[in-house]
Structure formats: structure tokens, C-alpha cells
There are 2 protein chains.
Amino acid sequence: VPERLVVVGGDAAGMSAASQARRRRGPDDLEIIAFERGDYTSYSACGIPYLIGGVVEEAERLIVRTPQVFRECQSIDVRMRQEVIEIDLDRRAVKARSADDGDETWQGFDELLIATGGIPRRPRLGNSDARGIFGVQTLNDGVAVGAFLDQRVPNRAVILGAGYIGLEMAEALISKGLQVTLVDQRSQPMSTFDPDMGAVIRQALTGMGIQVHTEESAVAFEQSDGLVTAVVTSERTLPTDMVVLGLGTAPNTEIATAAGVRIGPSGAIGVDPHMRTDVAGVWAAGDCVEKFHRVARKGVSIALGTHANKEGRIAGINLGGGDATFPGVLGTATSKVCGLELSRTGLNESEAADAGFEFGSATIDSTTRAGYYPGAADIKTKLVFERGSGRLLGGQIIGQEGAAKRIDVIAAALWNEMSVGEMVNLDLSYAPPFSPVWDPILIAARKAVQVVEG
Amino acid sequence: VPERLVVVGGDAAGMSAASQARRRRGPDDLEIIAFERGDYTSYSACGIPYLIGGVVEEAERLIVRTPQVFRECQSIDVRMRQEVIEIDLDRRAVKARSADDGDETWQGFDELLIATGGIPRRPRLGNSDARGIFGVQTLNDGVAVGAFLDQRVPNRAVILGAGYIGLEMAEALISKGLQVTLVDQRSQPMSTFDPDMGAVIRQALTGMGIQVHTEESAVAFEQSDGLVTAVVTSERTLPTDMVVLGLGTAPNTEIATAAGVRIGPSGAIGVDPHMRTDVAGVWAAGDCVEKFHRVARKGVSIALGTHANKEGRIAGINLGGGDATFPGVLGTATSKVCGLELSRTGLNESEAADAGFEFGSATIDSTTRAGYYPGAADIKTKLVFERGSGRLLGGQIIGQEGAAKRIDVIAAALWNEMSVGEMVNLDLSYAPPFSPVWDPILIAARKAVQVVEG
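All chains use their own residue numbering, which begins from 1 and follows the written sequence. The naming scheme follows written order: chains are lettered A onward, ligands numbered 1 onward. Local features in a predicted model are, by the rule used here, given only for residues with pLDDT of at least 70; side-chain atom pairs are given and counted only at 80 or more, and totals for whole chains, interfaces and linings are based on all residues. Note: side-chain values were computed over all heavy atoms of the structure, leaving out hydrogens and water.

Colleague: Talk me through empty space enclosed by the protein; I want residue IDs and the actual numbers.
Modeller: Residues and elements named next belong to chain B. Detection works on a 1 Å grid of protein atoms alone, calling trapped sets that fit a 1.4 Å probe cavities and calling open sets with protein on both sides within 12 Å along at least five of seven lines pockets, with lining residues defined by an atom within 4 Å of a point. Grid points are joined across faces, edges and corners, and a volume is the space filled by probe spheres set on the points. A complete count under the given rule lists one cavity of 30 Å³ or more for this structure. A volume near 30 Å³ is recorded for the largest cavity. Taken together, Arg 294, Val 295, Arg 297, Leu 330, Arg 391, Leu 414, Trp 415 and Glu 417 make up the lining of the largest cavity. Under this grouping Gly is polar, as are all residues other than the nonpolar Ala, Val, Leu, Ile, Met, Phe, Trp, Tyr, Cys and Pro and the charged Asp, Glu, Lys and Arg. In the lining of the largest cavity, the residues fall into four nonpolar, no polar and four charged.

And the structure:
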């Protein structure tokens, strides 16, 4: 009799794990059953704004692998529209409920992988069930927004939350011709960036015609005939034809918590580097788990598809009989809104302070290509580093085309605990179409060295 | 009386050093005299093909800083059109010859920086002094080619040497409407890439309409009325209206050798990490010096502006009373020819074999953006690594827009001696306009891990 692996959640982490486990153990050795409550497996959630904006024409294009392919090519028994609502650790079984008929069934397991992802934060306000108020977390959400845009042809949108999803949705809705207003209760858009960088982002957003209201929170929705008509904030009433919630997600730990699986200080499921929970035979991966932050040296809850895919792969290798560990994260992330590219990694200034570092910073302006080469665009690069040692702690980039992806070089330096003094001599590539002879990252490192040397 | 620093060569290395030294020591403490034999200081030699191709409109745009600015803003006594032809170490003086009147003058020094750069390799063939045969090393060369194109309006060009400069000149001349033929005596274009990658490059070049002849060397030029009319190769006669020499450079060590300064095994001037030669008070930097290759663990001669600028900076810091060392190079380089982007770092397969490594490799095809995102372009990524340990030894990238600069992430990993197994979990950024969720570099690392694990 083969062992049975049950996977709860059929997206990035869950299906990466299932695929890796299958690659190493055939169906005679390991039965794999995956429960997914939605209509899609393994899709690019990060592509949803581009689906809504019409950059991507069909929802199907965002699907990496369909349930049918998992079933037929990998012998993974994917059960769609089945939500796991309970884990019984004594019986080693999960209870699943059908989204279609509400039927509940028990399924036993030998090994269990919890990959329940995140749940979108929703404001608990009056009329929050009005039509025209959308989350953008699942592909189902994306399809719903697209249908609303087609049918209602709204003129105005209010986006709550000026983070990655908020900005990407702003681009999508601008491209559909809407007037867009961003509302965030924090003091700046993109609060994972420092205030000086946030000010630059705000200015760019305003320049695109986006209204940006910060230090302002939604207190109620107004509706008419069940359709949202305005967002009432702490400062004003914003008439609107639709609302998008970009308030981020919280780790979805409900069934894990109920079963008694250990939750970490960050609020996400605690796992060891092999992606094991504290319960034998129970694993977890993806947005629902706590990650080790390599610079802050503590557990954090960050929802990023890059992490979820890697964690799923690690869990799958181990479930497949291999031995792999997940070494932690830097929180590297990037986004694009119209012509503006943003990226960041590691600790920003306030995170560096929280982590107990004495830090300095250096910010420089340069160009993405040689200054004389056509298309040379602005790029602003900031490095945060430890005073004294000059150890790199984090980086932030704002710029135009060709700017954002350079954050990966900073991430690689940070991963290896380089100092800004060491970074100055990094042998980076140069040709006029791609860079000034001193790459912007090296210019930033040079300035940082000056700060360190006082 | 201030100390006197004499700099021989007024380009990247020499003027970087002079600027750094000046920043740390004022004119009352350090007198700085720089000799430059040409008409320009501190210009972007790598921009010359773009000047010739008309992408950059004026030669002046390639000049980073003029002699006048060095003189007036930094009190650096730049002496133009003065070639240093002898170093007298006993008298601590250099002899300079004027390009205008041939006058020779001696100039004493306390400290000397040799930054004589490279000399272009020229084939010693019949009629090699015919008009229409051009090097493209100095800005003067670039201006001369531009004038020839304007006045003669040639239809055909033969480029000898299919390396970086050869490819960039091919793009420039294609954009001017010429028929271009590349001739290289080696077995492939871009011989710093492995044969499998070279084959892809060849195919792309051919697809652009460029004739590519490899394993073929020029044996003579034909001329008529002093103007080149054909290149005779080992295989055929190629009628042409002009010839461009892209055969690379050799370190210009003539006066250093004559003075008895130590030359390293690579043929370039030997320096310690502070950029000191073996003679007290004599320093060297740039294309004329040997560099320590961090992976091959030996001295190499590589001519790259990125290295020259960094070495000049290091020498200048030390000359200015600071303490800095140059940690060596990886040989990271990149180029663009029409829509094709190329980049490489570290050791390729034959270099890995030469360095005594047992190596493996992994090559993958991916896209520069999420596959569903408009503009997603092909990117082929190859990693070379040590068998057993999986230690990264080098990387190569060929692709379309957005591909080449990713080599910097591989360079940063290589700098830090990462293994391919460690690289898989690097926290690189992701958003659909910039990358698939598994960055191509991570996909290559995953495949490499499979090769390592057998």
C-alpha cells in the first residue's frame, strides 16, 4: 500500500510540493491527493492585475498547470472546489466540504502539507458586502472584476491600500480609462520603502493623474441598490463606481490553529527549515507559514509567490525522500505602475532600527544606460547599511524602464552578507545600452563607503 | 614643496586615479600632472560604435570630463597630445614627446602612475596601411570612421574579429545600411562563450543578414589608389569598401618594460592589490596591468573599462593617503548587436578545464518576463559549475531585450563563491513585467542541481 500525502491548497506552494514529491516517488510508492477550494490550480496570482487591465487577454493564460494535467501527467488526485475545513490529528484525516453541494467527506493521510495561503484583509465596515467592492487575490476575483468592468463600464475607482497590489491595480484601471484614487492609512504609498523614497513614489503617482490620500482610512461604504457609490474616509467622502481592496493578506492559519499546530510569533505557521511543523508528518509551505528573515534574524510573515514556490519545492523534495532546507528570505519584491518601476530587498530604515542595527544610508541618482545612449532613464538607488562595519542591510530602487530588476544584484550581495566596501568592486557588466560604466549599484556603494568612512 | 604625481595616460584608469588622489590631497600637498597622447581625456571608448552608428550624434557626448574641467575644477595639469616615451627610474623622470612639433621634454616625479592602456592588435599584412582600414580603440579612431562613412558612403564592410567590438561595429554598420561580413580565425563568434552558446550567436548574426566566416584568417589586403578594395583570407577574397579591426588589444607595456618594471606572466604589468608595481613609488592601473582572476586564481590580462575605472580609483585612494585594495575580477562582460543581448562572467567550459576544475554545466531556455506578459522575450542561461561541490564557476546569457544585465546576479553569486544549490533559494524579485516567478537564473540553478545530484 502506498503512503498517502494530502495537500491542502492547490496553488504555488501546494502544487510545487506535490510535483516535487511525485518526481521523486512514483504513484505506487506515494499517493497524492490535493484539495483546492477554488476553480483553478497553480495560477499566477500576480498576473491578475494584468488580466484586469487587458494586458493579458484570457484568465487561462495565467494558469501554469490545470487540474487535468496534474491528474493525467503526474497522477496527482486534484479535487477542485473542495475546501478543507478541519484537520483531525488523532485520526490523521482532514474534512473537506464541497463548494457545490456542501457535502462533507473525510480523507485520511499519512503525510499532510498545509498550503492554505493567505486570506485578504477586508475592512469591517458598513456596506462592505455591496456589489462593486472587490478583492484581487484569487483568479476568481480577477474574473469578477473583469466582468464588472465590461458590464458596468465604471468611471471612477477607489483603491484601498497603496501597496504592490494597489499600485498594479491602479495601472490596470488607468489603462481602462478610469479615474483612480488610492487611499492608505499609512503616511505614504508603498510603506515597505523609506519615507524619502515614498515621497518620490507619491510624486510619480500624482504625475500619472492618480489621486493619493495617505494617513486616511476608510470608515464606511455608501451604497445604492446594493451597489457601492462612495467610500467614506476619515477625511472625506469619495464618490466611486467601484472599490478594490489592496490591503494585503494575513496567513490563513485557521484550520492549523484549530488542530493545535504551532503558530509562530508573526502569526503564521511555525516550520523548521525542512518545512515541518511541530506535529510529526505535518508540513506547511507558502503564504501561511512563517519565514526566517536572513537580515532581521527573526520569523516574519510575508506573502510572496517567489517564497511560496521555493518553500513548496523544499517540502516536496523532503516528502519525496530527499533532504533540502529553506535558508530564509530577504523580502525582495518589485512592482510596476505605468512607467514607474519599484523594487526593494532586505531591511528599510525603520526595519533596520527595529532589528537593533545602527544604520546609515546612501541614495544616488543615475541612469539605466550610459547617459549618452538613447533611452537612458532615471534610476534612484538607496542602500541601507550598518554603521561601522558597512554591512549591507537592504536596498531600494525607483526608476524607469530597466531599473527595478537590478535589485537582484543587491539581494545577492545581501544574501552573502557583503559590506558596501566589498560591493564597490563587484565585477558587474557594462555596455552603453545597459549601464553607465559605474553601474548605479556601484555608485550607491561608493557613496555608502563615504558615509561609513565619515 | 608639494609631492608630484605624474600620470601617464589620461583615460579611465589614469584620470580616475588622479581625481581620487586630488579628492584626498589638495594642490598644496600633491601636484598632479597627467600626460595624454591623444586629443581627449576620460571618454567612453565603449561608446565609439554608437557614435559611428549614429546612435550618439557627437563625439563630445562620449567625453566624461574635458581637460579644461580637470585643470580648472581639480587643479590637475593635463598635458594633451604629449606621449610619454621613456621612464627614467634613476632620475625619477619621464620623457614626453609632443604630437604637434615632436619636441621632447623631461618631467620629474615623486610618484608615477602608469595607465598606458592597451594597443590594438593589427594584422601584419600587405597593404595594411591602405586607407579604409580602421581600428576603433580611440575616440580619434571613431571620428575617422565617421568621416569616412560620410564622405565615401561605402556599401560593404569586412570586420576582422567577431568579439565584443566586432559585434558592436556590425550593428553600427548595419544601421548605416552597409553589408557586413565578420571574419574570425577562431571556430565561432564571441569565443569567450562556449561552443553551444557560440552556435546560437552565430545563428542570430546570420539571421540579421551578417555574413560570418570562422576558422578563417586575413592574409592580405588589396588596394587601389591607396584605398582598400578587398580582404584576402585563407579561404576566399572578400571585396569590400572598408575594413574594421576588432582584434582586441594587448597591454601597452612598452615604456614600463623598457624601464625594468616587472611584467607578469599574462604579459601585463604586475601589480599588488594596492596597484603598486615592484618599483617603489611606481603604480599602474587599467588595461596595461595584470588582474587577479578570482575563479581561475591567476593573473590575467583583460581589457575592460569597468576594471580600469575601479583600479584607477584604488590607486588614487592609495596615492591620496588612503588604504584600498583591488580584490580581482571575474571577467564579467556584455554586448548588444541589434536585438541580441549577450553577457558572460567567470569561467566558460574551456577556461574551467584550463584552471583544473572538473566541471558540469546546465543550460535552460526561459523568458525575460512572465510568459503571458507582452514583450516576454527569449533568454538562454548557462551555468558552469564544479562537479561534486556544485560550486559556481561561471555563467553565460544570450537573449533579447532584458536578458543581458541579469548576468550581474550570477557575477554577485560567483564573487561570493556560492554553489548552485545555494543559488536556487536566492530571494530574487518577481513581478510579471520583469520575470517569470522562477527567475531564469534560478531555473538554471535548479537544473544545475539536478546535474550535480546526478
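Colleague: Could you give an account of the sheet that holds strand 6 (residues 104–108) of chain A, naming the residues involved and the relevant values?
Modeller: All names here are of chain A. If you walk across this open sheet you meet the three strands as 4-5-6, and the pairing is antiparallel. The open sheet has two edge strands, strand 4 (82–88) and strand 6, and neither has a second partner. Along the sheet, successive strands turn relative to each other by an average axial angle of 30°, direction set aside. Here the rule is simple: two strands pair whenever DSSP picks up at least two bridges between them. The secondary structure listing takes helices from DSSP runs of H or I that are at least 4 residues long and strands from runs of E that are at least 2 residues long, numbered from the N terminus. Inspection of the sheet shows strand 4 paired to strand 5 (residues 93–98) by six bridges, in the antiparallel sense. Each bridged residue has a counterpart across the sheet, and for Val 84 the counterpart in strand 5 is Ala 96. In this analysis an axis means a line fitted to C-alpha atoms, helices contributing only their contacting stretch, and an angle means the value between N-to-C directions, from 0 to 180 degrees.

Colleague: Can you explain the sheet that holds strand 22 (residues 340–346) of chain B? Please cite residues and give values.
Modeller: Residues and elements named next belong to chain B. Pairing is antiparallel across the open sheet formed by five strands, whose spatial order is 21-22-25-24-23. Of all strands in the sheet, those bounded by a partner on one side alone are strand 21 (333–337) and strand 23 (359–367). The average angle at which neighbouring strand axes cross in this sheet is 10°, direction not considered. Relative to strand 24 (residues 378–386), strand 23 is paired through nine bridges, and the arrangement is antiparallel. Bridged to Thr 363 within strand 24 is Lys 382. Contacting strand 21, strand 22, strand 23, strand 24 and strand 25 (392–399), helix 6 (residues 195–207) crosses the sheet at an angle of about 15° to strand 25. Here, residues are in contact when the closest pair of their heavy atoms is within 4.5 Å. Contacting strand 22, strand 24 and strand 25, helix 10 (residues 407–415) crosses the sheet at an angle of about 180° to strand 25.

Colleague: An account of the pairing of strand 14 (residues 227–233) of chain A is requested, with residue identities and associated values reported.
Modeller: All names here are of chain A. Within strand 14, six of the seven residues are buried, which leaves the element mostly enclosed by the surrounding structure. Taken together, the six bridges between strand 13 (residues 218–224) and strand 14 define a ladder with antiparallel strand orientation. Of the residues in strand 14, the one forming a bridge with Ser 224 is Leu 227. Connecting the antiparallel pair strand 13 and strand 14 is a turn made up of two residues, with Asp 225 showing a positive phi of about 55°. Both strand 14 and strand 15 (residues 237–239) contribute to a ladder of three bridges, which runs antiparallel. From the neighbouring strand, Val 232 faces strand 15, where its bridge partner is Thr 237. Linking strand 14 to strand 15, which pair antiparallel, is a turn of three residues. Here's how the labels work: a residue is buried when its accessible area is under 20% of the maximum for its type, exposed when over 50%, partly exposed in between, all with a 1.4 Å probe on protein chains only.

Colleague: With reference to specific residues and values, describe unusual backbone geometry.
Modeller: One can expect most non-glycine residues to show negative phi and most peptide bonds to be in trans. Of note, Asp225(A) is a non-glycine position whose phi angle comes to about 55°, a positive value. Following the sequence through the fold, Asp225(A) ends up in the loop between strand 13 and strand 14. Of the residues examined, Asp225(A) reaches a relative accessible area of 72% and is grouped as exposed. In this structure, Val153(B) takes a positive phi of about 45° despite not being glycine. By secondary structure assignment, the location of Val153(B) is in the loop between helix 4 (139–152) and strand 10 (156–160). Residue Val153(B) is classed as exposed on the basis of its relative accessible area, which comes to 57%.

Colleague: Which residues make up the interface of chain A and chain B, and what values go with them?
Modeller: Facing the 68 residues of chain A at the interface are 68 residues of chain B. Accessible area that two parts lose when put together, with a 1.4 Å probe and added across both, is what the buried area reports. Between chain A and chain B, the buried area comes to about 5,500 Å², and carbon and sulfur atoms account for 59% of it. For the chain A face of the interface with chain B, the top three residues by lost area are Tyr372(A), Asp427(A) and Phe434(A), together amounting to 15%. For this document, the term salt bridge refers to a Lys or Arg side-chain nitrogen within 4 Å of an Asp or Glu carboxyl oxygen. Put simply, chain A and chain B have four salt bridges between them. The salt bridge involving Lys405(A) is made with Asp439(B); its shortest N-O contact spans 2.7 Å.

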